[in-house]
Amino acid sequence: SAISYDAVFGTIGGFQAVFSDMLGNQMYYVLLSNSASEKSQLLESFNVGITYINKSHRINYGIGAFHLYDEHFDDYEGYYSERQSGVQGLISYPISKFSRVETSMFLRHSFKKRPLFQDERHAILSTNYASIIHDNSLWDISGPLDGIRANATVGLTTDFYSGEFFNRLAFVDLRHYLRIRKYSAFATRAFGFVSAGDEPQRIY
């Protein structure tokens, strides 16, 4: 649970929780928060999400639903707000003890307002990701101390209104941990990211 304050966007508060059985085979992830700056915005500013994950079989799967609203500022679009609501599906299949393939699908309605450009955008978006992951890292309470973590992901978002590709992305994330002593390690990371389309994803 957390409560925070930002000089521009004001206060925000909420909590995340995970519920599972004793073995962790079935898990529920719950998100609840609110970013309202005035009483009149209280109901429309709720962020709610719930995801169910089943790990009882070799193929792990999950389903979920969400409603998210937030206000943003970046150097490209200035100030804008976006409301998203939709559903998601997740599948993970282990190739070996340390490698797996994953795919996820998000179907959502997105409403975006940009006061600086005096425009609004409605879209029904379908996003699909596919990943191959290798992870043999050894963890301590402070994080990974030894091993390798690698993730290669491609994603495609389609706009149902226009039938066109809304966004494309690909990234590779490589991390190597070299253990120096019992509780310390030297970590290196290489990260490559590319995104294109009507609204490319940006990283900072």
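Just above, that's the structure.
Below you will find a few notes about this structure. Being a predicted model, the structure only gives us computed values, none of them experimental.

The helix and strand inventory of the protein chain stands at zero helices and twelve strands. Going residue by residue from the N terminus, the α and β elements of the protein chain occur as β-β-β-β-β-β-β-β-β-β-β-β. For the protein chain, the spread of C-alpha atoms along the three principal axes comes to 55 × 40 × 35 Å. Residues classed as buried in the protein chain amount to 29% of the 204 residues present. For the protein chain, contacts bridging at least 24 residues in sequence account for 41% of all contacts bridging at least 6. If you sum the accessible surface of the protein chain, you get close to 13,500 Å²; carbon and sulfur atoms cover 60% of it. For the protein chain, the distance from the average site of its 19 positive side-chain charges to the average site of its 21 negative ones is 10 Å.

Our next topic: the pairing of strand E6 (residues 78-94). A regular strand places its side chains so that they alternate between the two faces of the sheet. Here strand E5 (residues 60-74) runs beside E6; their pairing, made up of 15 bridges, is antiparallel. Bridging from a neighbouring strand, His67 pairs with Ser85 of E6. The loop that links E5 with its antiparallel partner E6 comprises three residues. Sheet topology note: the E6/strand E7 (residues 99-114) ladder contains 14 bridges and is antiparallel. Counterpart to Arg83 in the pairing with E7 is Phe111. Between the end of E6 and the start of E7, which pair antiparallel, lie four residues.

Within the element layout of this structure, Val87 appears in strand E6. Here the alpha-carbon distance between Val87 and Leu178, two residues 91 residues apart in the chain, equals 40 Å. In this structure Val87 touches Gly64, Ala65, Phe66, Met105, Phe106 and Leu107, once residues within four positions along its chain are discounted.

Attention now moves to the pattern of salt bridges. Going through the model one piece at a time under the given rule, you end up with seven salt bridges. Among the salt bridges present, the one from Arg121 reaches Glu199, with a minimum N-O distance of 3.0 Å. You can see Arg121 sitting in strand E8 (residues 119-135) and its partner Glu199 sitting in the segment after strand E12 (184-197), a full 78 residues away along the chain. Of the charged contacts in the structure, one is a salt bridge between Asp135 and Arg149, with a shortest N-O distance of 3.3 Å. You can see Asp135 sitting in strand E8 and its partner Arg149 sitting in strand E10 (residues 143-159), a full 14 residues away along the chain.

Taken together, the side chains of Ile59, Tyr61, Ile91, Tyr93, Ile95, Val101 and Ile132 make up a nonpolar region of the molecular surface, amounting to roughly 600 Å² of accessible area. The residue Ile95 is located in the loop between E6 and E7 in this model. Residue Ile95 is classed as partly exposed on the basis of its relative accessible area of 47%.

Quick look at the packing of aromatic side chains now. Taken as a whole and assessed by the stated rule, the structure comprises four aromatic pairs. With 6.2 Å between their ring centres and 75° between their planes, Phe106 and Tyr129 make a pair best called edge-to-face. Remark: Tyr129 occurs in strand E8 and Phe106 occurs in strand E7; sequence separation between them is 23 residues. When the ring of Phe191 is compared with that of Phe193, the centres are 6.3 Å apart and the planes differ by 15°; the resulting orientation is stacked. Look at Phe191 and you get partly exposed, because its relative accessible area is 40%. One aromatic cluster in this structure is built from Phe171, Phe191 and Phe193.

Conventions we followed
- Residues numbered from 1 in each chain as written.
- Predicted model: local features only at pLDDT ≥ 70, side-chain atom pairs only at ≥ 80, totals over all residues.
- Heavy atoms only, no water.
- Helix = DSSP H or I, 4+ residues; strand = E, 2+ residues; numbered from the N terminus.
- Buried < 20%, exposed > 50% of the residue type's maximum accessible area, 1.4 Å probe, protein only.
- Contact = heavy atoms within 4.5 Å.
- Areas by Shrake-Rupley, 256 points an atom, 1.4 Å probe, with all protein chains shown as cover.
- Lys, Arg positive; Asp, Glu negative; His and termini not counted.
- Charge placed at Lys NZ, Arg CZ, Asp CG, Glu CD.
- Pairing = 2+ DSSP bridges.
- Salt bridge = Lys/Arg side-chain N within 4 Å of Asp/Glu carboxyl O.
- Patch = residues over 30% accessible without salt bridge, like charges linked within 9 Å, V, L, I, M, F, W, Y side chains within 5 Å.
- Phe/Tyr/Trp six-rings, centres within 6.5 Å; stacked < 30°, edge-to-face > 60°.

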